[in-house]
Amino acid sequence: MAATAKQPSLPLSSIYPINTLMELTLNKAEIATGTIYCTDEVSNTIVLKKSLVHTTLSSEITVINADVVTGRRIITEEADSAEKESKTTEGVLPNVSRRMVEERERRAIKLMEESFGHVNQKASPEGQKIFDKLLKACNEVSWKGESIIVLGEIRVDPPYTSSDCVLMTNVGKGSGSGGLGMHSLERVKNIVNAAAK
């Protein structure tokens, strides 16, 4: 299946499908063969990956400017049995959809924004360190001014020592919770002591 490489209306990823074994003819009648690893619209490049046999290197990567490609041909697996034999399952790239990549990016941005919410510019470095340790151990931790609120019931005030941990509510004092508030307070004090060391 031969075709010309110049098709400005289509993106490179459509002209050179990822994970496709192709033979590219270059300007100087050179031929480059390999699996399309990726394409880049900004730099107008195609990246070929070719598995190597009988060497300590796992593969050879070739970056080609799309402007120098004069022809392309998709190689069927039957036509190139040597390339098929040298391919391993780890060399095969998964299909990637733009929608999945964009969703993953949105999740990463959301997590990053949430983590920014955990930073208190007013707190001391020691306070931020204690906050991070409590967040890792308890998950439900927030800032209220310079004080750390843990599980909505324990407040840790500056300078963030175990003696600065205070039970904010009457949880555990005759409310039928079996002393969970006091137990949580002791756990928070232990975490603060361990973080301070």
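These figures come from a predicted structure and were not determined experimentally.

Criteria and cut-off values
One numbering rule holds for all chains: residues counted from 1, following each sequence as written. Confidence filtering applies because this is a predicted model: local features only for residues at pLDDT of at least 70, side-chain atom pairs given and counted only at 80 or more, and all residues used for totals across whole chains, interfaces and linings. Water and hydrogen atoms were dropped before computing side-chain values, which therefore reflect all heavy atoms in the structure. As a per-residue quantity, pLDDT reports the predictor's confidence and falls between 0 and 100. The numbering of helices and of strands both runs from the N terminus, where a helix is a DSSP run of H or I of at least 4 residues and a strand a run of E of at least 2. Any pair of residues with heavy atoms lying within 4.5 Å of one another is described as a contacting pair. Salt bridges are counted wherever a side-chain nitrogen of Lys or Arg sits within 4 Å of a carboxyl oxygen of Asp or Glu. Note on exposure labels: buried denotes an accessible area under 20% of the residue type's maximum, exposed denotes more than 50%, and partly exposed covers the range between, all computed with a 1.4 Å probe on protein chains only. Only when DSSP finds a minimum of two bridges between them are two strands counted as paired. Throughout, an axis means a line fitted to C-alpha atoms (over the contacting stretch in the case of helices), and angles, computed between N-to-C directions, take values from 0 to 180 degrees. Working definition of a nonpolar core: buried Ala, Val, Leu, Ile, Met, Phe, Trp, Tyr and Cys residues. They are joined through side-chain atoms within 4.5 Å.

K.L.:
Go over the confidence of the model for the chain, please, and point to the residues and values.
P.N.:
Close reading of the predicted structure is inappropriate where its pLDDT is low. Mean pLDDT over the chain stands at 82; residues scoring 70 or higher make up 82%. At the low end of the mean pLDDT range in the chain sits helix α2 (residues 81-86), at 48; at the high end sits strand β9 (residues 154-156), at 94. The model gives residues 78-89 a pLDDT under 50, and that stretch makes ten contacts with residues more than four places away or in other chains. Below pLDDT 50 for its whole length, residues 171-178 participates in ten contacts with residues either more than four positions away or in separate chains.

K.L.:
How would you explain the pattern of salt bridges if you had to name every residue and give the values?
P.N.:
Counting across every chain of the model gives three salt bridges. Across the pair E23 and R73 runs a salt bridge, and its minimum N-O distance is 3.2 Å. A residue pair is termed long-range when its members are at least 10 positions apart, and E23 in strand β2 (residues 21-26) and R73 in strand β6 (residues 69-74) qualify at 50 residues. For the salt bridge of D157 with R155, the shortest nitrogen-to-oxygen distance reads 3.0 Å.

K.L.:
If you had to explain the pairing of strand β7 (residues 141-144) to someone new, which residues and values would you point to?
P.N.:
Of the two faces of β7, the one lined by V141 and W143 is fully buried and the one lined by S142 and K144 carries no buried residue. As defined by bridge partners, β7 adjoins strand β8 (residues 147-150) across four bridges and the pair is classed as antiparallel. Considered in β8, the bridge of K144 is made with S147. Counting the residues in the hairpin turn of β7 and β8 gives two residues, including G145, whose phi is positive at 70 degrees.

K.L.:
Quick one: what's the story with the sheet that holds β7, residue by residue and with numbers?
P.N.:
In spatial order, the strands read β7-β8-β9-β10; together these four strands make up an open sheet with antiparallel pairing. Each edge of the open sheet is held by one strand with a lone partner, namely β7 and β10 (165-167). Here the average twist between neighbouring strands, direction ignored, is 25 degrees. Two strands pair when backbone bridges link them, and β9 and β10 are joined in this way by three bridges, in the antiparallel orientation. Note that in β10 the partner of V156 across the bridge is C165. Strand contacts of helix α4 (residues 125-138): β7, β8 and β9, with the helix running at about 145 degrees to β7, the strand carrying the most contacts.

K.L.:
Go over the nonpolar core, please, and point to the residues and values.
P.N.:
Side chains of a nonpolar character, in soluble globular proteins, are inclined to be buried together. By size, the foremost hydrophobic cluster in this structure holds 20 residues, and its most contacted members are L134, V141, I148, V150, V156 and V188. Sorting the residues of this core by element identifies α4, β7, β8, β9, β10 and α5 (180-196) as the ones contributing at least two each. Beyond its immediate chain neighbours, meaning those up to four positions away, V141 contacts F131, L134, L135, I148, I149 and V150. Counting residues in each nonpolar core, the second largest holds 13 residues, with M22, A32, I46 and I64 among its members.

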